[in-house]
Amino acid sequence: MNISALTLQERIQEVESRVNAACRRSGRRREDVQVVAVTKRVSAAVTEEIIKQGFLHIGENRWQDATGKWNLLGSHGIWHFIGRLQTNKVKYVVGKFAYIHSLDRLSLAEEIEKRCVQTVQETQCFIQVNVSGEHSKFGLAPPQLFPFVEQLLPYKHLRIMGLMTMAPHEMDPQRTRPVFQKLRILKEQLNTEGILPYPLLHLSMGMSNDFEVAIEEGATWVRLGTVLVG
Ligand SMILES: *Cc1c(COP(=O)(O)O)cnc(C)c1O
């Protein structure tokens, strides 16, 4: 085993024990929290190693960067598109990526639907919400969320899984907690209102800096780059 493989294994163990501890602290089951390994900053070789280590869910934020990896490794993983998605890139993403975490506008929903109809499949989508209101972040402002979800109803090939957010980078991750709480409450309100014919079950929230807080607040998917893959 070479040194970088060992380092990767150590990182995996570290992440696993931290995810476990956060689940225990919040009375959650480990199997209710899934990890998306974000490989956007690493090579296809490292991505392959990650998959071999048992991380089937792979996250990428740019199609241009992902395409080489997908061509090599596509059938070995389950791919999550986590970045801003341009409408004219949807044709590359639908059918290759099982999940899109960044649904944030109607024109995008329309294009995903169109591609799904053509290829006869569903795409699992998270609606991205800009809870913190930072200008640098994409996503719907919370007051736009309910009207947006109503507008999604005609798009039968979009399977809405839940909500996604990115918290601001904080030196003290505890300070991200209100952002995650807010996303959880928005999801609960959507389910209470029953706008969609099925409940939203998932929250995609938590990154390297703040995933433990996100898990404590109900994350079902954490998206981990640096802390896991280096
Ligand atoms: C890069 C990225 C991540 C992972 O970030 P780390 O801080 O490296 O864990 C998660 N989500 C999105 C949307 C990203 O772009």
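Here the focus is helix α2 (residues 44-52). Here α2 has its buried residues at Thr 47, Ile 50 and Ile 51. Seen from one end, α2 has its buried residues packed into an arc of 100°, which puts them on one side. Along α2, the residues that are exposed and aim more than 90 degrees away from the buried face are Ala 45 and Lys 52. Following α2 by one or two positions, Gly 54 has its phi on the positive side, about 105°.

So, about the site of the ligand. Surrounding the ligand, one finds Val 38, Lys 40, Arg 41, Ile 82, Met 164, Met 166, Met 207, Ser 208, Arg 223, Leu 224, Gly 225 and Thr 226. Within the contact set of the ligand, a nitrogen atom lies 2.8 Å away from a side-chain nitrogen or oxygen of Arg 223. Within the backbone of Gly 225, one N or O atom sits 2.8 Å away from an oxygen atom of the ligand. Contact with the protein chains hides 91% of the accessible area of the ligand, taken as 380 Å² for the molecule alone. Taken together, the residues of the shell around the ligand break down into 6 nonpolar, 3 polar and 3 charged.

Bringing the packing of α2 against helix α3 (residues 63-73) into the picture now. Running from N to C, α2 and α3 point in directions that differ by 50°, and their axes come no closer than 10 Å. Classified by the angle their axes make, α2 and α3 are oblique. Here the hand of the crossing between α2 and α3 comes out right-handed. Of the residues in α3, those touching α2 at Ala 44, Thr 47, Glu 48 and Ile 51 are Lys 69, Leu 72 and Leu 73. Along the lines of polarity and charge, the residues of the contact of α2 with α3 split into 4 nonpolar, 1 polar and 2 charged.

Checked against the element boundaries, Met 166 lands in the loop between β6 (158-164) and α7 (177-193). In this view, Met 166 contacts Gln 128, Ser 132, Lys 137, Met 207 and Arg 223; residues no more than four positions away in its chain are not counted.

This next bit is on the pattern of salt bridges. For the coordinates displayed, the defined rule picks out 18 salt bridges. A salt bridge links Glu 216 to Arg 25; the nearest nitrogen and oxygen atoms lie 2.7 Å apart. Of this pair, Glu 216 sits in helix α8 (residues 211-216) while Arg 25 sits in helix α1 (residues 3-25), and the two are 191 residues apart along the sequence. The salt bridge partner of Glu 217 is Arg 177, with a shortest N-O separation of 2.7 Å. Taken together, the residues Glu 217 in the loop between α8 and β8 (221-224) and Arg 177 in helix α7 connect sequence positions 40 residues apart. For Arg 177, a relative accessible area of 18% translates into the label buried. Here the salt bridges do not stand alone but share partners, grouping Arg 25, Arg 177, Arg 184, Glu 188, Glu 216 and Glu 217 into one network.

You will see that Val 120, though not glycine, has its phi angle at about 50°, which is positive. Within the secondary structure, Val 120 sits in the loop between α5 (106-119) and β5 (123-128).

The rules behind the values
- Residues numbered from 1 in each chain as written.
- Predicted model: local features only at pLDDT ≥ 70, side-chain atom pairs only at ≥ 80, totals over all residues.
- Heavy atoms only, no water.
- Buried < 20%, exposed > 50% of the residue type's maximum accessible area, 1.4 Å probe, protein only.
- Helix = DSSP H or I, 4+ residues; strand = E, 2+ residues; numbered from the N terminus.
- Arc of directions from axis to C-beta.
- Near = heavy atom within 4 Å.
- Polar contact = N/O pair within 3.5 Å; in protein donor to acceptor, adjacent residues only side chain to side chain.
- Areas by Shrake-Rupley, 256 points an atom, 1.4 Å probe, with all protein chains shown as cover.
- Nonpolar A, V, L, I, M, F, W, Y, C, P; charged D, E, K, R; others polar.
- Axes fitted to C-alpha atoms, helices over the stretch in contact; angles between N-to-C directions.
- Parallel < 35°, antiparallel > 145°, perpendicular 65-115°, else oblique.
- Left-handed = near helix turned anticlockwise from the far one by under 90°.
- Contact = heavy atoms within 4.5 Å.
- Salt bridge = Lys/Arg side-chain N within 4 Å of Asp/Glu carboxyl O.

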